[in-house]
Amino acid sequence: MALFGLPHQLAGVDARFVFGAVFAVTFATALRTSVRRIPRVPRTPRTPRTPRTPCASAGPRQGRPTAAGWTVRTLALCASPLVALPLAVGGDDLPVIGLCCLGLALAGRGDAGRAGLVLGLAGTLKATAWPALPVAAALLAVYGGRRAVARFGTGAAMPLVCGVGLPALADPGGLLANTVRYPLGLADAASPAAAPLPGRLLAGLGTGGHTAAVVLLALAAVAVAVSLVLRPPRDAPAAALRLALGLCAATALMPASRFGYLVHPLVLALWAHWRKPDAPTTAPPALPAAAAGAGTGGGAGAGGAAPLDAARAHGRLGA
């Protein structure tokens, strides 16, 4: 995170401009990456279906936005209060969010190595990016199995070892205070931007309330972890929504929290909505020629009974 201050030291550029630029570039890249190749759920072999013909009332599919369209949406998001307000008062959360979106987009494409590298880099900036690692791993496990997860772990390990592991060896107490004690409200320092969220309100009731808040936070984390095992996300938007749900629960239940942390789940949910693929148009099944002949009286007999029954099952012929 200290690297974002180098432009200020070298050229007098405010770090907030750097935060905003990194967020805009990574978020726009995540949007553009997501529309190139969307993963599909593998299907088991099935019996071939009856050929379908286009429905006369079905219009053409709505095209996805172009690169210019994604850029316009990104700039509109940066100008909205959701991003502009955090950027005005600090903005150090925004690069983390942009990298998380980009990492999930790469994981959705099956690019495990780059996804791990990007999310590992996000994890070196702030601990709020750490929950994205198991979510992306669960997504990759669905499509690539253990090999994809291993490549993802290798890619994430390099920046995490350099940015988190080595500083932890030099000052383990500082890492523990920033990543565990402070979120749980056990550190000596208190945030001036503390918000009256459920976890903080419970912690304000005393030792029992603080314990209840920590237990609820742990239960929420276990629930999200179990959902990743039993029902892993099938695509990048689902992974982003699962991550947003976990971060929203953590923000609400942490004894030391603030409203500013909600920018993480809100931007992730918006990215998942914009990234959602178009729903394919559906068309009714075509009427077999034999069934059509049977319906007009020209195909009676044993050979026309099965097509006639099939056509009636689809509701295309009367009784």
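Structure shown above.
These notes cover the structure that comes with them. (Residues numbered from 1 in each chain as written. Predicted model: local features only at pLDDT ≥ 70, side-chain atom pairs only at ≥ 80, totals over all residues. Heavy atoms only, no water.)

## As for helix α3 (residues 67-79)
Because each turn of an α-helix spans 3.6 residues, side chains separated by three or four positions in sequence point in the same direction. Test applied: For the purposes of this entry, the term helix denotes a DSSP run of H or I that reaches at least four residues, the term strand denotes a run of E that reaches at least two, and both are numbered from the N terminus. Here a helix's expected span is defined as the number of its residues, less one, multiplied by 1.5 Å. Only protein chains enter the calculation, and the probe is 1.4 Å; a residue is then buried if its accessible area is under 20% of its type maximum, exposed if over 50%, and partly exposed in between. Within this analysis, the arc is defined by the directions that extend from the helix axis to the C-beta atoms.
With 13 residues, α3 ought to run about 18 Å at 1.5 Å a step, and its terminal C-alpha atoms sit 19 Å apart, in line with that. Along α3, the residues that are buried comprise Trp 70, Thr 74, Leu 77 and Cys 78. The arc enclosing the buried residues of α3, seen along the axis, measures out at 100 degrees, which places them on a common side. Facing away from the buried side of α3 by over 90 degrees, the exposed positions are Ala 68, Val 72, Leu 75 and Ala 79.

## With respect to the nonpolar core
What counts is decided by this rule: The definition of a nonpolar core used throughout is a set of buried Ala, Val, Leu, Ile, Met, Phe, Trp, Tyr and Cys residues joined through side-chain atoms within 4.5 Å. Here, residues are in contact when the closest pair of their heavy atoms is within 4.5 Å.
In this structure, Phe 23, Phe 27, Leu 104, Phe 152, Val 267 and Trp 271 are the most contacted members of the largest nonpolar core, which totals 51 residues. Among the elements of the structure, α2 (15-34), α3, α5 (94-108), α6 (112-125), α7 (132-170), α11 (236-253) and α12 (263-275) are those that each provide at least two residues to this core. Those residues in contact with Phe 152 that sit more than four places away from it in its chain are Ala 112, Ala 115, Gly 116, Leu 119, Leu 133, Ala 136, Ala 137 and Leu 140.

## Points about the side chain of Thr 74
Inspection of the secondary structure puts Thr 74 in helix α3. Taking the relative accessible area as the measure of exposure, Thr 74 reaches 2% and is therefore buried. The residues touching Thr 74, leaving out its near neighbours within four places in the chain, are Ala 24, Phe 27, Ala 28 and Leu 31.

## Section: the pattern of salt bridges
Applicable threshold: Salt bridges, as used here, are contacts in which a Lys or Arg side-chain nitrogen is within 4 Å of a carboxyl oxygen on Asp or Glu.
All chains considered together, the criterion is met by 4 salt bridges. Between Asp 111 and Arg 114 there is a salt bridge whose closest N-O contact spans 3.6 Å. Overall, Asp 111 belongs to the partly exposed group, its relative accessible area being 25%. Under the relative-accessibility criterion, Arg 114 is labelled exposed at 56%. Salt bridges linked by common partners bring Asp 92, Asp 93, Lys 126 and Arg 258 together as one network.

## Points about the packing of aromatic side chains
Note the following rule: Geometry of aromatic contacts follows a simple scheme: Phe, Tyr and Trp rings, the Trp one being its six-membered ring, pair when their centres are within 6.5 Å, and the pair is stacked under 30 degrees between planes, edge-to-face over 60, tilted otherwise.
Evaluated as defined, the whole model comprises 2 aromatic pairs. Ring geometry for Phe 27 against Trp 274: centres 6.3 Å apart, planes inclined by 70 degrees, an arrangement best described as edge-to-face. Taken together, the positions of Phe 27 in helix α2 and Trp 274 in helix α12 put the pair 247 residues apart, joining distant regions of the chain. The pair formed by Phe 27 and Trp 274 is uniform in burial state, with each residue classed as buried. Through a chain of ring-to-ring contacts, the aromatic side chains of Phe 23, Phe 27 and Trp 274 assemble into a single cluster.

## Things to note about the side chain of Thr 251
Which entries qualify depends on this criterion: Any pair of nitrogen or oxygen atoms within 3.5 Å is treated as a polar contact; in protein, a donor-acceptor pairing is required on top of that, and neighbouring residues in sequence qualify only through side-chain atoms on both sides.
Checked against the element boundaries, Thr 251 lands in helix α11. Here Leu 247 takes part through its backbone oxygen, which lies 2.8 Å from a polar atom of the side chain of Thr 251. Residues within four places of Thr 251 in sequence aside, it is in contact with Leu 197, Ser 257, Arg 258, Tyr 261 and Leu 262.

## Considering the environment of Leu 31
Note that Leu 31 resides in helix α2. Take Leu 31: its relative accessible area is 0%, and that puts it in the buried class. As for Leu 31 and Trp 70, which are separated by 39 residues in sequence, their C-alpha atoms are 6.5 Å apart. Beyond its immediate chain neighbours, meaning those up to four positions away, Leu 31 contacts Trp 70, Thr 74, Trp 271 and Trp 274.

## Section: the packing of α3 against α12
Put simply, the rule is: Between N-to-C directions, angles span 0 to 180 degrees; the directions come from axes that are lines fitted to C-alpha atoms, helices contributing only their stretch in contact. Our angle categories are set so that under 35 degrees counts as roughly parallel, over 145 as roughly antiparallel, 65 to 115 as roughly perpendicular, and the remainder as oblique. Take the far helix as your reference; a near helix turned counterclockwise from it by less than a right angle gives a left-handed crossing, and one turned clockwise gives a right-handed crossing. In this count, Pro and Cys sit with the nonpolar residues alongside Ala, Val, Leu, Ile, Met, Phe, Trp and Tyr, while Asp, Glu, Lys and Arg are called charged and the others, Gly among them, polar.
In contact at an axis separation of 13 Å, α3 and α12 are set at 160 degrees when each is read in the N-to-C sense. Overall, the two elements α3 and α12 adopt an arrangement that is roughly antiparallel. The way α3 lies across α12 gives a crossing that is right-handed. Within the contact between the two elements, α3 uses Trp 70, Arg 73 and Leu 77 and α12 uses Val 267, Leu 270 and Trp 274. Considering only residue class, the contact of α3 with α12 consists of 5 nonpolar, no polar and 1 charged.

## A word on α5
Given a rise of 1.5 Å per residue, 15 residues ought to cover 21 Å, and the 21 Å separating the end C-alpha atoms of α5 matches this to within 8%. With 15 of its 15 residues buried, α5 lies for the most part within the structure. Where α5 terminates, the next one or two residues include Gly 110, which has phi positive at roughly 85 degrees.

## Thoughts on the state of the cysteines
Quick reminder of the rule: When two cysteine sulfur atoms lie within 2.5 Å, the pair is treated as a disulfide.
In total, this model carries 0 disulfides according to the counting rule given. Free of any disulfide, Cys 100 has its nearest cysteine sulfur in Cys 101, 7.0 Å distant. Overall, the relative accessible area of 4% leaves Cys 100 in the buried class.

## Brief notes about the packing of α3 against helix α4 (residues 81-89)
Between two packed helices, what matters for the description is the angle formed by their axes and the separation of those axes. At a minimum axis separation of 4 Å, α3 and α4 run at an interaxial angle of 55 degrees. It follows that α3 is oblique to α4 by the angle criterion. Contacts between α3 and α4 involve Leu 77, Cys 78 and Ala 79 on the former and, on the latter, Pro 81, Leu 82, Val 83 and Ala 84. In terms of residue class, the contact of α3 with α4 is built from 7 nonpolar, no polar and no charged.

Nothing here speaks to function; it is all geometry.
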